[in-house]
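# Observations on chain architecture
The residues making up each chain are set out below.
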Amino acid sequence: MILSDTSRTLQQQGAHHDNNGIGTDKSKDTTNTEMTTVSNHDHVNLTGIFFPALDENGNPGYVHNATTLHNNPPVFNTSGIQCGPNDATMQLLTQRVYVDLAADERANKLVLEGEGKPRAKIYCHIYTTQKQGPRIQSIRETWGHRCDGFHVASTITDRSIDSVNIPHEGEEEYQNMWQKVRAMWSYVYVNYYDSYDWFHIGGDDMYVLVENLRLYLESEEIVTASNGGEQPLLLGQLFYQHGNRSATYVTGGGGYTLNKAALKMLVASFPNCAPHDVTSIEDVLVTQCLQKEGIEPYRTTDETGAERYNHVSPEMDFNYDPEKNPLFWYSYFSGNKNIGPERVVKRAVSFHLKGSKPSVENMMRRVHAILYGHCANVTLGPPVPTKQWRDGKFLGRYWKPPLLQCELNAKEDEVCICYMVKRGKKEVQVCKKHSNNPSHQMQLEGNKGGSNKKRVYSRRRKTTALRLKQRRLASRRPTYVTPVLMLSIISHLTATKIHLKASSKIMNSLIDRNACLLGI
């Protein structure tokens, strides 16, 4: 959204951080003339970056009570939920994936008895818009209240559904998701950093198995990897950009999780990491901002390669076989070679329900009903076999790596060369075919930098342009009209009874052309 005059003044008004003030409305406390930095510990200065949230009346300084949903969970409405049919979703969530409620209860019991460590406190926040009210209600009834803290970053502030209007730079649109997420992380850091251990973010089409997530974050593996919380950790499903194994990022489909150290490092990088970029790839930029600080994404697969965070739905995970779908985008973005149910960890953390039928909110309720025992009477049939997904089923040719596309169309005597070109505000990779002759090969082996490759293409473009120019000139070259042809034209004009003046003009032009061509 375009910031209003009121929103722009927030950069000068600022917001205070006070642990005792969480859940209060500070919109009336706007006497400060400069952005104040959080006290109580060594906080990052977010002057000019952090935009205080707006309350229902548009007043700045609103801080949402993040524990409201957890302390007052709504009743899960089971009416209208269709547990069937016996499809891939049903079979994966009954034969493979489960919520480990027993382990979760044991951990809670140990804490009550004073024998176990305090449970990990998880803050969940999701991005959405005002029109997605049904999805928000489904999240609140299913998994949202299982987080220790929760809010929805929307375009309005509505305490009844835990939505908060967090202003950000630029328009409120999908293509500006990066600026929205920057504002969300800044808001969470300023107001909730001290109260929680882990912070999970995702879209309104994400389903989180919160008990499994908490158990994973408390596991010996993660405790060791985080060095007791001192080592920044970025957790989620790893993707390879267009299949490039050297360009990894954590995909936002199933959400991703930061510990406190990573959150602090992330917001500290905001002033110098793509501060004004307008793009939808917020998950890529979050990863890159942390990579610039020396923090690589943590691989969250188990020892078999199965995924905990899942970018796709249970249906697709269950019946997907990468060997049958070598050109499908998910095969080379994920790099997961497992087949069918083996692609998912039994104690999975999250799923991405984008595109679910009949709707995301209905699928979210159905998934929850299956996982938490509301569909116990469903009779299961034989396993659903893996299937071949049509190449480009979701995002088409855009997601096919340019190099792979070029190699598929190249002949035996052709080689593919890739380089980066700027299209608008983005740089994209372009791969083109070239003759694989010895001289060209020597030139390719000698080209180490991008400038040499550009010169190769420059020469080829000049040659092609010259040939096209010669063809155009040849097509425009005047043709000599022979006497025989002139007589046939006269007879044709006479036969068609063209007006004498018009025919005389035509004949004069032909005579003039011949005289010009003959040099008369």
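Everything here concerns the structure above.
Residues numbered from 1 in each chain as written. Predicted model: local features only at pLDDT ≥ 70, side-chain atom pairs only at ≥ 80, totals over all residues. Heavy atoms only, no water.

### Some thoughts on unusual backbone geometry
Going from Lys 357 to Pro 358, the amide bond is cis rather than trans, its omega being 0 degrees. As for its position among the elements, Pro 358 is in the loop between strand E13 (350-352) and helix H14 (360-371). Here the phi dihedral of Asp 162 falls at roughly 65 degrees; this positive angle occurs in a residue that is not glycine. Among the structural elements, Asp 162 can be located in the loop between strand E4 (149-154) and strand E5 (163-165). Using a relative accessible area of 1% as the deciding quantity, one classes Asp 162 as buried. For Asn 227, which is not glycine, the phi torsion reads 55 degrees and is therefore positive. (Helix = DSSP H or I, 4+ residues; strand = E, 2+ residues; numbered from the N terminus. Buried < 20%, exposed > 50% of the residue type's maximum accessible area, 1.4 Å probe, protein only.)

### Things to note about the nonpolar core
Nonpolar side chains tend toward joint burial in soluble globular proteins. The biggest cluster of nonpolar side chains holds 47 residues, and the ones touching the most others in it are Val 97, Trp 143, Tyr 207, Phe 351 and Leu 371. Looking at this core, the elements that each hand over two or more residues are helix H4 (88-95), strand E3 (122-127), helix H6 (133-141), E4, strand E7 (206-208), helix H8 (210-217) and H14. When residues of this core are assigned to their parent elements, the largest contribution, 7 residues, is made by H14. Residues within four places of Trp 143 in sequence aside, it is in contact with Cys 124, Ile 126, Phe 150, Met 206, Tyr 207, Val 208, Val 210 and Met 364. Listed in part, the 45 residues of the second largest apolar core include Ala 53, Val 181, Leu 238 and Val 286. (Core = buried A, V, L, I, M, F, W, Y, C linked by side-chain atoms within 4.5 Å. Contact = heavy atoms within 4.5 Å.)

### Some details on the state of the cysteines
Counted under the stated rule, the structure contains 3 disulfides. What pairs with Cys 83 in a disulfide is Cys 375, and their sulfur atoms sit 1.8 Å apart. Disulfide Cys 83-Cys 375: the torsion about the S-S bond is -70 degrees, which places it as left-handed. In this pair, Cys 83 is assigned in the loop between helix H3 (68-71) and H4 and Cys 375 in the loop between H14 and helix H15 (402-409), connecting sequence segments 292 residues apart. You can call Cys 375 buried: its relative accessible area is 11%. Between the sulfur of Cys 124 and that of Cys 147 lies a disulfide, 2.0 Å long from S to S. Linking Cys 124 and Cys 147, the disulfide has an S-S dihedral of approximately -80 degrees and is accordingly described as left-handed. Taken together, the residues Cys 124 in strand E3 and Cys 147 in the loop between H6 and E4 connect sequence positions 23 residues apart. Here the two residues Cys 124 and Cys 147 agree in accessibility, since each one is buried. (Disulfide = S-S within 2.5 Å.)

### Some details on H4
Burial analysis of H4 places 6 of its 8 residues in the buried class, the great majority of the element. The inward-facing, buried residues of H4 contact helix H12 (314-318), E13 and H14.

### Here's the deal with the side chain of Arg 135
Relative to the assigned elements, Arg 135 resides in helix H6. Residue class for Arg 135 comes out buried when judged on its relative accessible area of 17%. Look past the residues within four positions of Arg 135 in its chain and what remains in contact with it is Asp 204, Asp 205, Val 360 and Glu 361.

### A few points about the side chain of Asp 104
Tracing the backbone through its elements, the reader meets Asp 104 in helix H5 (residues 101-112). Residue classification places Asp 104 among the buried positions, given a relative accessible area of 8%. At a separation of 3.2 Å, a polar atom in the side chain of Asp 104 contacts the side chain of Arg 119. Ignoring anything within four residues of it in the chain, the contact list for Asp 104 reads Arg 119, Glu 211, Arg 214 and Leu 215. (Polar contact = N/O pair within 3.5 Å; in protein donor to acceptor, adjacent residues only side chain to side chain.)

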